[in-house]
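# Notes for the structure review
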Amino acid sequence: MSQHPQVIQEVEKALHQSGAGAGGTRNISGTNPYHVRLEKSLADLHKKESSLLFSSCYVANATTISTLGSIFHDLVIFSDEKNHASLIDGMRQSRKEKHVFKHNDVHHLEELLKKQDFDRPKLIVFESVYSMDGAIAPIKEICDLADKYNALTFLDEVHAVGLYGERGAGVAERDGVMHRIDLISGTLGKAFGNFGGYIAGSRTLTDAIRSLGAGFIFTTSLPPTVCAGAYASIEYLKKSSEERRLQQEHAALLKKVLGEAGLPLVPSVTHIVPVLVGDPRKCKRITDLLLERYRIYVQPINYPTVPKGTERLRLTPGPKHTPELIYKTSGRSC
């Protein structure tokens, strides 16, 4: 989407109309109609009352979770063991009690929840798509537990927005449970092809983060050009599902041809296709050779992004990765 003609056109228009930068923080001269329009679009995307823009989703996650810790003084947090570093950073900054449950294990999560007083503030933090292995969270079951044990839910949809759901709102939309999530975070820098991050939720919660979150208050706001490009991308993908269809088809084909080639794929139910290597030097060497000899760019994933011994290649085919390119990656022809 970063190269989509509609996105580029809107970026150019905003550049000539409002200039290159925002001019300040959101609370001091850094808010303009482009920010307001984009936040309304994001709230509509996730069917929430409000949304809030950040300079990145790392900042959105860390700021929101740490600020919730300052709002709910006796908060206890429940975190999936494979949560992203930004989520973990927010929990660390909150200085609140934290319990880690086994990856996507709702039974372990319930064991931890039932030990807490029903009226104590509780927050369950998890992701929809886990980017290193392509797993998807049992969102409905986690929401069921949140209802049962009186907990708030925070869902990171960074690797799903634009890619899943009827309008590209993510896995929670696809699974029909988006209305059950209290706070959703996402990025403007992956499928939407721009830059920045955001949260979406009730007006009460987003206003609280707006008023108290240091990562929102004390930083320059996103440039108008970024907001214009993100808005164009989001509005386009709300209506068009062709890109999502092609990506899923290409991901399935890539898994098929790499599996037939005998490569050690990590099982994945998403567009993320991990190939296990298990050695950091070999992992980097493989990706260097692919780029230098074959002009194929593949991401090497090493520690600390993944545990030592699980180093891998991560392939993420897009809608413009044709079958010819996919077969070329496996060393075969169509």
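These notes cover the structure that comes with them. (Residues numbered from 1 in each chain as written. Predicted model: local features only at pLDDT ≥ 70, side-chain atom pairs only at ≥ 80, totals over all residues. Heavy atoms only, no water.)

### Notes on the pairing of strand β4 (residues 122-127)
Among the 6 residues of β4, 6 are classified as buried, and the element is accordingly described as predominantly covered. Covered by surrounding structure in β4 are Lys-122, Ile-124 and Phe-126 together with Leu-123, Val-125 and Glu-127, the residues of both alternating faces. Here strand β2 (residues 76-80) pairs with β4 via 4 bridges, running parallel. Following the sheet pairing, Val-76 is matched in β4 by Lys-122. Here 5 bridges tie β4 to strand β7 (residues 152-156), and the two strands are oriented parallel to one another. Looking across to β7, one finds that Ile-124 is bridged to Thr-153. (Buried < 20%, exposed > 50% of the residue type's maximum accessible area, 1.4 Å probe, protein only. Helix = DSSP H or I, 4+ residues; strand = E, 2+ residues; numbered from the N terminus. Pairing = 2+ DSSP bridges.)

### A closer look at the sheet that holds strand β10 (residues 273-276)
One open sheet accounts for 3 strands, arranged β10-β12-β11; its pairing is antiparallel. Since the sheet does not close on itself, it has two edges, and those belong to β10 and β11 (299-301), each with one partner. Taken pair by pair, the neighbouring strands of this sheet meet at an average axis angle of 30 degrees, ignoring direction. Two elements, β11 and strand β12 (residues 312-315), share 3 bridges in a ladder whose sense is antiparallel. The residue bridging Ile-301 from the neighbouring strand is Arg-312, located in β12. Each of β11 and β12 touches helix α12 (residues 280-294); the most contacted strand, β11, lies at about 180 degrees to it. (Axes fitted to C-alpha atoms, helices over the stretch in contact; angles between N-to-C directions. Contact = heavy atoms within 4.5 Å.)

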